[in-house]
Amino acid sequence: MTDVRTLVEQYIAVWNETDGDKRRALIADVFTETAGYTDPLGAVTGHDGIDQFVAGAQAQFGGLTFSLPADPDAHHDLARFQWYLGTPGAEPVAIGFDVVELEDGKIAKVHGFLDKLPG
């Protein structure tokens, strides 16, 4: 299995990459072609769907970045991790928790949960 920490860091990089071409290249590296992404705000499938969903989130939260506060926890073909959205060094404006299913060293499915949203 691919190093899970590295894969999750690349996943976070997808969410932080604002250049569309670079983001699409990262998506191709991180996700299977038919990957699914689901969280309380939406559900998408495939590289195009993921790219459009990420671009929409970036438009809504421009200037903020995603980060990993701790190492992911993984076993078999699953990993779970918490993420923060905010300005480095400040209290996060959003906190979430994702569970990813892995397939051939890439992410096949993301199950996202939102623990804290901007209010």
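Anything mentioned here points back to the structure above.
Computed from a prediction, not measured in an experiment: that's the story for all the values here.

Engineer: Can you help me understand helix α1 (residues 4–16) in this one?
Structural biologist: Helical periodicity: at 3.6 residues per turn, an α-helix aligns residues three or four positions apart in one direction. Across its 13 residues, α1 extends 19 Å between first and last C-alpha, which sits within 8% of the 18 Å expected from 1.5 Å per residue. Of the positions making up α1, those classed as buried are Val4, Leu7, Val8, Tyr11, Ile12, Val14 and Trp15. Projected down its long axis, α1 shows its buried positions confined to an angular sector of 145°, all on one face.

Engineer: Can you help me understand the packing of aromatic side chains in this one?
Structural biologist: What describes a pair of aromatic rings is the distance from one ring centre to the other and the angle between the planes of the rings. According to the stated counting rule, one finds eight aromatic pairs in the structure shown. Measuring from ring centre to ring centre gives 5.6 Å for tryptophan 15 and tyrosine 37, while their planes differ by 50°; the resulting arrangement is tilted. Of this pair, tryptophan 15 sits in helix α1 while tyrosine 37 sits in strand β1 (residues 31–39), placing them 22 residues apart in sequence. Here tryptophan 15 and tyrosine 37 have matching classes, each one buried. Their ring planes at 65° and their centres at 5.2 Å tell us that phenylalanine 66 and tryptophan 83 sit as a pair that is edge-to-face. Taken as a pair, phenylalanine 66 in strand β3 (residues 65–67) and tryptophan 83 in strand β5 (residues 78–86) lie far apart in primary sequence, 17 residues in all. Assigned by exposure class, phenylalanine 66 and tryptophan 83 land together as buried. An aromatic cluster is present here, built from Tyr11, Trp15, Phe31, Tyr37, Phe53, Phe66, Phe81 and Trp83 joined pairwise through their rings.

Conventions used here
Residues numbered from 1 in each chain as written. Predicted model: local features only at pLDDT ≥ 70, side-chain atom pairs only at ≥ 80, totals over all residues. Heavy atoms only, no water. Helix = DSSP H or I, 4+ residues; strand = E, 2+ residues; numbered from the N terminus. Expected span 1.5 Å × (residues − 1). Buried < 20%, exposed > 50% of the residue type's maximum accessible area, 1.4 Å probe, protein only. Arc of directions from axis to C-beta. Phe/Tyr/Trp six-rings, centres within 6.5 Å; stacked < 30°, edge-to-face > 60°.

Limitation: the analysis is restricted to geometry and does not speak to function.
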